[in-house]
Amino acid sequence: YDFEGLSALRRLLSNEKARLLHVLKTQKPGSIYDLAKKLGRNFKTVSEDVKLLERFGLIELTEEKTKNRIRHKPELILGELIIKLKV
């Protein structure tokens, strides 16, 4: 991806999003709601972060049917991220 500057890249890889990725890797939450609880953050903001990270191919959402609901399980699909910057 081509970012217009470091600020756009910084928004994608903020401290909270890095923490989110770490929790996905180490604790493997079963849903976005579970992820929000583990992070101690608001569900809506975590959901927005998850969708952004999914759009950039860092995570994947898997639909799982449980009783009367469909939940979206976030999974880390990227093992390594290499960033090249033009100076």
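Above this text sits the structure in question.
Just so it is clear, the structure is predicted and the values come from calculations on it, not from any experiment.

## Considering the environment of Leu61
Then comes step 1: Counting through the fold element by element, Leu61 comes out in strand β1 (residues 59–66).
Then comes step 2: Once the C-alpha coordinates of Leu61 and Leu35 are considered, the two residues, 26 residues apart in sequence, prove to be 12 Å apart.

## Let's talk about the nonpolar core
Then comes step 1: Judged by nonpolar contacts, the single largest core of 16 residues is most densely connected at Leu20, Leu35, Leu39, Val46, Val50, Leu53 and Ile59.
Then comes step 2: Listing elements by their share of this core, those giving two or more residues are α2 (15–27), α3 (32–39), α4 (43–55) and β1.
Then comes step 3: Among residues more than four places away in sequence, those in contact with Val46 are Leu20, Ile32, Leu35, Ala36, Leu39 and Arg41.

## Observations concerning the pattern of salt bridges
Then comes step 1: Tallied over the entire structure, the rule returns six salt bridges.
Then comes step 2: Note that Glu16 is salt-bridged to Arg19, the shortest N-O span being 2.8 Å. Of this pair, Glu16 and Arg19 both sit in helix α2, separated by three residues, roughly a single helical turn.
Then comes step 3: Glu16 is paired through a salt bridge with Arg41; the nearest N and O atoms lie 3.5 Å apart. One end of the pair, Glu16, is in helix α2; the other, Arg41, is in the loop between α3 and α4, with 25 residues separating them in the sequence.

Thresholds applied
Along each chain, residues carry numbers from 1 onward, in the same order as the chain's sequence is written. Per-residue local features of the predicted model are confined to residues with pLDDT of at least 70, and side-chain atom pairs are confined, for both listing and counting, to 80 or more; whole-chain, interface and lining totals are unaffected and use all residues. Where side-chain values are given, they derive from all heavy atoms of the structure, hydrogens and water being excluded. Numbering of helices and strands runs from the N terminus, with a helix taken as a DSSP run of H or I at least four residues long and a strand as a DSSP run of E at least two residues long. In plain words, nonpolar cores are sets of buried Ala, Val, Leu, Ile, Met, Phe, Trp, Tyr and Cys residues tied together by side-chain atoms within 4.5 Å. Type-normalised accessible area, obtained with a 1.4 Å probe on protein chains alone, sets the label of each residue: buried when under 20%, exposed when over 50%, and partly exposed for intermediate values. Working rule for contacts: check all heavy atoms of both residues, and any pair within 4.5 Å makes them a contact. The salt bridge criterion pairs a side-chain nitrogen of Lys or Arg with a carboxyl oxygen of Asp or Glu, the two atoms within 4 Å.

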